[in-house]
Amino acid sequence: MADNDIKTTEGQGYSRRQFFAGLGGVGVGALLGGFVVKGFIVPEQVMALPASEGYLLVDTKKCAGCDTCMLTCSMVHHGRVNPALSRIQVTKNPFGKFPYDMEQVQCRQCPAPACVEACPTGANHVSEENGNVRMVDESKCVGCERCVYACPFTPSRMQWNHEDKHAQKCDLCANTPYWNEEGGPGGKQACIESCPMRAISYTTDVPVQQEWGYMANLRNHHWGWLSLDTTDFGKEADFELPTNPVPPAAAPAE
């Protein structure tokens, strides 16, 4: 479990390191005073962050690399077509071989989101009103980019919007001012609606998080005609990515 998964309901966070450091101080004090410590007093109202009520699943083997999802994401969120502003990214390796020549990169709505913990202003938060989706309140973002560096995946699922100067991430289309559809958990997601290959899907079940993340087999029996595995249709990944995620470079010293 990461160092960021303990929160109080009063909105003030305590990292695991701070929590145990405090307990260690209590223990030393008791021993010095000649007392035997029989237990620890756990702070009141300590709880884990609630899990997101929705997740994107992607199937790289179905992706054609058309970038339609990226263009659509940019359009519904920002009203302009710019793949650099898309919250879902498709990375391509011209020297790679199928299926490792392409990867759809989406936010995983982490159970213990490092991006939320790293945010000093609360701009990056768990939105209770939007099904506990991890979201960015752009009006509170001060541009420190700590969330971008805190994301454990490469490339970072937290993005710096270089045009509007704020952090951003996938919100499952909970806030799409340029789309006349209701998004978020229980609603529609523009990338799913626009993908011509049906390579992106939605689930309310928490995917099993591997070190490299998670993917899915979204292929029906038709894909067997192309000699692609269809035995685990609708299940999680039937293969692992070729490389483990590499932590992004350390944030520059302040």
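Please refer to the structure higher up on the page.
Residues numbered from 1 in each chain as written. Predicted model: local features only at pLDDT ≥ 70, side-chain atom pairs only at ≥ 80, totals over all residues. Heavy atoms only, no water.

Asker: Mind showing me how you'd approach the overall build of the protein here?
Answerer: Secondary structure summary: the protein contains 5 helices and 10 strands in total. The 254 residues of the protein split such that 41% are buried. Counting only contacts in the protein whose residues sit at least 6 apart along the sequence, the fraction spanning at least 24 positions is 60%. For the protein, the accessible surface area stands at approximately 14,000 Å², while carbon and sulfur atoms represent 55% of it. (Helix = DSSP H or I, 4+ residues; strand = E, 2+ residues; numbered from the N terminus. Buried < 20%, exposed > 50% of the residue type's maximum accessible area, 1.4 Å probe, protein only. Contact = heavy atoms within 4.5 Å. Areas by Shrake-Rupley, 256 points an atom, 1.4 Å probe, with all protein chains shown as cover.)

Asker: Explain the nonpolar core to me, please; I cannot follow it from the model alone.
Answerer: Across soluble globular proteins, nonpolar side chains show a tendency to be buried alongside one another. In terms of nonpolar packing, the biggest core is built from 19 residues, with Leu56, Cys69, Ile88, Val90, Cys191 and Ile200 touching the most fellow members. Counting residues per element, the ones that place at least two in this core are β3 (55-58), α2 (68-78), β7 (133-136) and α5 (190-194). Broken down by element, the residue count for this core peaks at 3 residues, all from α2. Contacts of Val90, omitting those with residues within four sequence positions, involve Cys63, Asp67, Cys69, Met70, Met102, Glu103 and Gln104. Counting 7 residues, the second-largest nonpolar core is a separate cluster that includes Cys115, Val116, Val136 and Val148. (Core = buried A, V, L, I, M, F, W, Y, C linked by side-chain atoms within 4.5 Å.)

Asker: In this structure, what is going on with the pairing of β3? I would like to understand it.
Answerer: The two faces of the sheet receive side chains in turn, since in a regular strand these alternate between them. Burial along β3 is two-sided: the residues Tyr55 and Leu57 and Leu56 and Val58 are all buried. As defined by bridge partners, β3 adjoins strand β10 (residues 200-203) across 4 bridges and the pair is classed as antiparallel. Along β10, the bridge assignment pairs Leu57 with Ser201. (Pairing = 2+ DSSP bridges.)

Asker: Just checking my understanding: could you explain the packing of aromatic side chains for this structure?
Answerer: The geometry of an aromatic ring pair comes down to the distance between the two centres and the angle between the two planes. Applying the stated criterion to the full structure yields 0 aromatic pairs. Directly above the ring of Phe153 sits Arg108, whose terminal nitrogen or CZ lies 4.9 Å from the centroid. (Phe/Tyr/Trp six-rings, centres within 6.5 Å; stacked < 30°, edge-to-face > 60°. Lys NZ or Arg CZ within 6 Å of the ring centre and 35° of its normal.)

Asker: Help me understand the pattern of salt bridges, please; the structure alone is not making it clear to me.
Answerer: A pair can form between side chains of opposite charge whenever their charged atoms are brought close. Counted by the stated rule, this structure contains 4 salt bridges. A salt bridge links Asp67 to Lys92; its shortest N-O distance comes to 3.3 Å. One end of the pair, Asp67, is in the loop between β3 and α2; the other, Lys92, is in strand β4 (residues 89-92), with 25 residues separating them in the sequence. Salt bridges sharing common partners tie together Arg80, Glu163 and Asp164. (Salt bridge = Lys/Arg side-chain N within 4 Å of Asp/Glu carboxyl O.)

Asker: Where do I start with the environment of Thr72 in this structure?
Answerer: For Thr72, the position within the fold is in helix α2. Residues Thr72 and Ser194, spaced 122 residues apart in sequence, show a C-alpha to C-alpha distance of 7.1 Å. Apart from residues no more than four positions distant in its own chain, Thr72 is found in contact with Ala190 and Ser194.

Asker: How should I be thinking about α2 in this particular structure?
Answerer: Each turn of an α-helix holds 3.6 residues, which means side chains three or four residues apart point in the same direction. Taking burial as the measure, the 11 residues of α2 include 8 buried ones, the bulk of the element. Residue Gly79 follows α2 closely and has a positive phi angle near 75°.

Asker: Explain unusual backbone geometry here, please?
Answerer: Only a minority of non-glycine residues have a phi that is not negative, and only a minority of peptide bonds are not trans. Cis geometry is adopted by the peptide bond preceding Pro99, which originates at Phe98 and carries an omega value of 0°. Mapping Pro99 onto the fold places it in the loop between β4 and β5 (102-105). Even without glycine at this site, Gln109 takes up a positive phi of about 50°. Note on placement: Gln109 falls in the loop between β5 and α3 (114-118). Backbone geometry places Lys165, a non-glycine residue, at a positive phi of 60°.

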